[in-house]
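# Inside the fold
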Amino acid sequence: MYKILKAEKLADKIYLMDVEAPRVAKHCEPGQFVIVKMDEKGERIPLTICDYDREAGTITIVFQEIGASTMKMSKMIAGDYFRDFIGPLGRPSDFVEEDLETLKNKKMLFVAGGVGAAPVYPQVKWLKEHGVEVDVIVGSKTKDMLILEKKMNEVAGNYYPCTDDGTYGHAGMVTTKIEKLVEEGNKYDVCIAIGPMIMMKFTCLLTKKLEIPTIVSMNPIMVDGTGMCGACRVIVGGEVKFACVDGPEFDGHLVDFDNAMKRQQMYRTEEGRAILKVQE
Ligand code: FES
């Protein structure tokens, strides 16, 4: 049993929880995820790790209420327990294995959309802790939907918030901010984009044109996170990969986003049915 130490609402339908999970906290690296189960019969929910404290033995997760299970999870409070909290799963971000001196000479750009700020945060934090400063763009629909702003600001070299409605920061999509930064003379060696599929698709179309190698995280299409359900099949460079075991990070210029989005849509329908059941 894994105790929830803190439960907080960050924005509309977006929640943060600190969970006591010492073994996961001891071994996890940026880019990895966990699977949580609320009770014995509960659905397995894959969630990216937003933060970890090895000494305190805690993991921070951030999730969006998008289906029946996450709706139920959003009602859990500090003092409640998860039945299972499995991890760390998936492969850590590639840079964890890279030579630090090479990393320090790279100019890296992180692009997060919406709740994608959660998996981006531990990566930026890890880099900062290892002496690497990076630029971070975080986009959301409105100012109220921007999450983890203070934390991100503390670890990013340069932090650029963007809002679609122009209520805060750069007015417009993250892609227009990328274009602006490049026009201003920034030369990026790599871009890491995490967020809604459509955001990652358009970021990749742009970075391909700008010739910036780009890594994306295909977390959004995972269902059971074990390599068994097949829901996270994604075509990368013409080959079929599973996001949960081969990823979640892939070369964004090789990902077939249209196919992945179609697959995501299919599961949304099933999720819709499950929500109806919970509400009955
Ligand atoms: Fe089910 Fe990857 S999420 S196989």
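Residues numbered from 1 in each chain as written. Predicted model: local features only at pLDDT ≥ 70, side-chain atom pairs only at ≥ 80, totals over all residues.

This brings us to the overall build of the protein. Looking only at helices and strands, the protein has nine helices and 16 strands in total. Rg of the C-alpha trace for the protein: 18 Å, near the compact-globule value of 19 Å for 280 residues, within the 12% margin. A principal-axis box enclosing the C-alpha atoms of the protein has dimensions of 55 × 40 × 40 Å. Going through the 280 residues of the protein one by one, you find that 41% of them count as buried. By sequence separation, contacts in the protein at least 24 residues apart represent 65% of the contacts at least 6 residues apart. (Helix = DSSP H or I, 4+ residues; strand = E, 2+ residues; numbered from the N terminus. Rg over C-alpha atoms; globule rule 2.2 N^0.38 Å. Buried ≥ 20, exposed ≤ 12 C-beta atoms within 10 Å, placed from the backbone. Contact = placed C-beta atoms within 7 Å.)

Inspection of the secondary structure assignment puts Ile 49 in strand β4 (residues 45–53). Look at Ile 49 and you get buried, because 27 C-beta atoms sit within 10 Å. When the C-alpha atoms of Ile 49 and Gly 131 are compared, they prove to be 21 Å apart, with 82 residues separating the residues in sequence. Dropping the residues within four chain positions of it, Ile 49 is found in contact with Cys 28, Gln 32, Phe 33, Val 34, Ile 59, Ile 61, Pro 88 and Pro 122.

Another aspect to go through is the domain arrangement of the protein. You can read the domains of the protein as domain 1 (2–89) and domain 2 (94–217). Once you take the C-alpha centre of each, domain 1 and domain 2 turn out to be 24 Å apart. Across the boundary between the two partners, domain 1 contributes 14 residues, which contact eleven residues of domain 2. At the level of secondary structure, the elements contributing two or more residues to the side of domain 1 that touches domain 2 comprise β1 (2–11), β4 and β5 (58–64). The element that contributes the greatest number of residues to the side of domain 1 that touches domain 2 is β4, accounting for five residues. (Domains from an automatic or database assignment.)

What follows deals with the sheet that holds strand β10 (residues 158–163). Within a sheet, neighbouring strands are paired by backbone hydrogen bonds and run either parallel or antiparallel to one another. If you walk across this open sheet you meet the seven strands as β11-β10-β9-β8-β12-β13-β16, and the pairing is mixed. Edge positions in the sheet fall to β11 (170–171) and β16 (249–251), since each of these pairs with one other strand and no more. As paired strands, strand β13 (residues 214–217) and β16 are joined by three bridges and run antiparallel to one another. Looking across to β16, one finds that Val 216 is bridged to Phe 250. Taken strand by strand, helix α4 (residues 117–129) contacts β8 (108–113), β9 (135–140), β12 (190–194) and β13, and its axis lies near 155° from that of β8. Running over the sheet, helix α6 (residues 174–183) touches β8, β9, β10 and β11 and is turned about 150° from β9. (Pairing = 2+ DSSP bridges. Axes fitted to C-alpha atoms, helices over the stretch in contact; angles between N-to-C directions.)

Taken in spatial order, the seven strands line up as β6-β1-β2-β5-β4-β3-β7 in an open sheet, and their pairing is antiparallel. Sheet topology places β6 (81–82) and β7 (84–89) at the edges, where each strand pairs with a single neighbour. Direction of pairing for strand β3 (residues 33–37) relative to β7: antiparallel, over a ladder of four bridges. Note on β7: the bridge partner recorded for Ile 35 is Ile 86. On the sheet, α4 packs against β4 and β5 and is oriented at approximately 35° with respect to β4.

So, about the pairing of β8. Burial runs high along β8: six of the six residues are buried. Residues Met 108, Phe 110 and Ala 112 line one face of β8 and the alternating positions Leu 109, Val 111 and Gly 113 line the opposite face, and both faces are buried. Pairing analysis gives five bridges linking β8 to β12, with the strands arranged parallel. Bridged to Ala 112 within β12 is Ile 194. Taken together, β8, α4 and β9 constitute a β-α-β crossover, and its handedness is right-handed. (Right-handed = clockwise from strand over helix to strand, strands pointing away.)

A separate point is the pairing of β4. Counting buried positions along β4 yields eight of nine residues, so the element is predominantly enclosed. Taken together, the four bridges between β3 and β4 define a ladder with antiparallel strand orientation. Across the sheet, the residue bridging to Val 36 is Ile 45, located in β4. In this structure, β4 lies alongside β5, joined through four bridges in antiparallel fashion. Residue pairing across strands places Asp 53 opposite Thr 58, the latter belonging to β5. Hairpin remark: β4 followed by β5, antiparallel, with four residues in the connecting loop; positive phi at Gly 57, about 70°.

If you look at the biggest cluster of nonpolar residues, it comprises 77 residues, and the most contacted ones within it are Val 34, Ile 61, Phe 110, Ala 117 and Val 124. Per element, the largest residue contribution to this core is six residues, and it comes from α4. If you count residues domain by domain, this core takes at least three from each of domain 1 (2–89) and domain 2 (94–217). Among all residues touching Ala 117, those that are not within four sequence positions of it are Ala 112, Val 138, Ile 147, Leu 148 and Met 152. (Core = buried A, V, L, I, M, F, W, Y, C linked by C-beta atoms within 7 Å.)

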